[in-house]
Amino acid sequence: MHTAEHSSKLAQQDRDHLWHAMVKFNEQASPLMAVSGDGAWFTAADGNRYMDGVSGLWCLNLGHGRKEIAQVVYDQLMNVSYFPLTMSHEPAIELSAKLSELLGAPYTTFFTCSGSEANEAAFKIARQYHAQTGKPEKIKIISRYRAYHGSTLGALSATAQANRKLKYGAEAPGFLHVPPPYAYRPSFEDDLAAANHIENVIEWEGPDTIAAVIMEPFISGGGVIIPTPAYLQRVAEICRKHNVLLITDEVVSGFGRTGKMFGFMHSEGVQPDIVTMAKGLTAGCMPLGATAVRAHLYDAFKQAEAGSHFRHVSTFGGHPASCAAALKTIEILEEEQIPNRVARLSQDTMKELNRLESCQIVGEVRGVGFLYGIEIVEDKKTKAPASEETMLAIVGGCKEKGLIIGRNGDTVPGYQNILIVAPPLSSTEEDLQFLVDTVKNIVKKEA
Ligand code: PLP
């Protein structure tokens, strides 16, 4: 099927008709096109095999070709192919109960199609909750600079990466940003001071105007920023004190990526009010987003005035086939003890990647579970970020050797200098060794 003639026709149609995400128009020459996949690897139309060191977009957590997931999707489509959640279906019921069990406290879940929409739903739930409990002025959402929370206009407003917002007009009203704790380039003395700054902002703005704080337990696409466990604990305490809801965005950090089922679980005693999920929820096999809400918040919705309801609907949100894929994904995560496996294997991977810190162009290596960031600099002393040329040479060099790795989003202009590695959680030990060897060799070559 993939004759030279067919491939060349596809390449032409790709250039003429397919609008790619995030690809600069002057760089759109020949995007990689996958034609087959197997575990952590895929074969491209050019005949080369690549290890996917970023799990697609941090979602293909169990690799390509998991027959068990494909089978339940097939079975579901052959039975009830579609059913809306204005009514109900078995896979969504079972999945909502399973998520409540995994999250460690009673939660009720609203299903959507993506991480962006899961966050949109979370913001609307937070605002509506306060409106219904006598605090209609509590509408502001606090998020952190460098964070990415999605591409729809609400989620983009919570996203605090200036370049992503260029040319899309003003932010939606009511979104505030604070700096994250970032030990390598600190805005604060320590993580606790970063958390306490959130309390200052709440007090300066007026606690009666703040609906929620949203954060990833570990900033992922914004550069892999790993706070101490005490940071989220302190944020949770501040939120509780001021009747501000804590939303953890677990779109990346959920489902084993960090070596625990959810990222917030690294901070003992923290139980978020709302948890948003997508990506790894179905191991990247089907589109699904989820917004899980603590039972007492959901109860407040039930107790609101007669006729009150959550006025958000999404045709494909909680599609039965997606929910079936999620249930099977979770079954595999549990049976194969994937979070524990990630925690165990990541120790060696981290140790090996850490050795790169002796390299002249490596400012810092950070990571948790299968989520690593390698900050590349021009100068270790000044911490000046590496040039675009160096970054392209490293990412391109890895690709030439058969490894796909990523970079942080365009967080701060000139600071897209963090290599990101996030392999499938099911990667074999040989895969991980290949990944580590390749990254080390290529980075050293550029040093
Ligand atoms: N939240 C985080 C932390 C993400 O990394 C992403 C996507 O990369 C999203 C939300 C948005 O998810 P989606 O692309 O499914 O809308």
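Just so we're clear, the structure is a prediction, and the values are computed from it rather than from any experiment. (Residues numbered from 1 in each chain as written. Predicted model: local features only at pLDDT ≥ 70, side-chain atom pairs only at ≥ 80, totals over all residues.)

## A word on the site of the ligand
Reasoning step 1: Lining the immediate environment of the ligand, one finds 15 residues, of which Ser 114, Gly 115, Ser 116, Gly 150 and Val 251 sit closest.
Reasoning step 2: A total of 3 residues in the shell around the ligand trace back to one element, the largest contributor, which is helix H5 (residues 115-132).
Reasoning step 3: When its residues are assigned to classes, the shell around the ligand shows 5 nonpolar, 8 polar and 2 charged. (Near = placed C-beta within 6 Å. Helix = DSSP H or I, 4+ residues; strand = E, 2+ residues; numbered from the N terminus. Nonpolar A, V, L, I, M, F, W, Y, C, P; charged D, E, K, R; others polar.)

## Describing the sheet that holds strand S9 (residues 274-277)
Reasoning step 1: Strands sit in the order S4-S10-S9-S8-S7-S5-S6 across an open sheet of 7 strands; the sheet is mixed. Taken across any chain shown, the strands that pair with only one partner, and hence form the sheet edges, are strand S4 (107-112) and strand S6 (175-178). Averaged over all pairs of adjacent strands, the angle between their axes in this sheet comes to 20°, without regard to strand direction.
Reasoning step 2: As paired strands, S4 and strand S10 (residues 289-294) are joined by 6 bridges and run antiparallel to one another. If you follow Phe 110 over to S10, its bridge partner there is Thr 291.
Reasoning step 3: Sitting on the sheet, helix H4 (residues 90-103) touches S4, S9 and S10, and the angle it makes with S4 is about 130°.
Reasoning step 4: Here helix H10 (residues 295-303) sits on the sheet in contact with S4 and S10, set at roughly 85° to S10. (Pairing = 2+ DSSP bridges. Axes fitted to C-alpha atoms, helices over the stretch in contact; angles between N-to-C directions. Contact = placed C-beta atoms within 7 Å.)

## Overview of the environment of Ala 230
Reasoning step 1: Along the polypeptide, Ala 230 turns up in helix H9 (residues 229-241).
Reasoning step 2: The spatial distance from the C-alpha of Ala 230 to the C-alpha of Asn 441 is 36 Å, given a sequence separation of 211 residues.
Reasoning step 3: Apart from residues lying up to four places away in sequence, Ala 230 is in contact with Asp 191 and Leu 192.

## Here's the deal with the domain arrangement of the protein
Reasoning step 1: Along its sequence, the protein is organised into domain 1 (32-65 + 337-446) and domain 2 (67-335).
Reasoning step 2: On a C-alpha basis, the centres of domain 1 and domain 2 stand 26 Å from each other.
Reasoning step 3: The interface is formed by 33 residues belonging to domain 1 together with 30 residues belonging to domain 2.
Reasoning step 4: Breaking the side of domain 1 that touches domain 2 down by element, the ones donating at least two residues are helix H2 (55-58), helix H12 (338-354), strand S11 (362-368), strand S12 (371-376) and strand S15 (418-421).
Reasoning step 5: Of the residues belonging to the side of domain 1 that touches domain 2, the class tally is 16 nonpolar, 12 polar and 5 charged. (Domains from an automatic or database assignment.)

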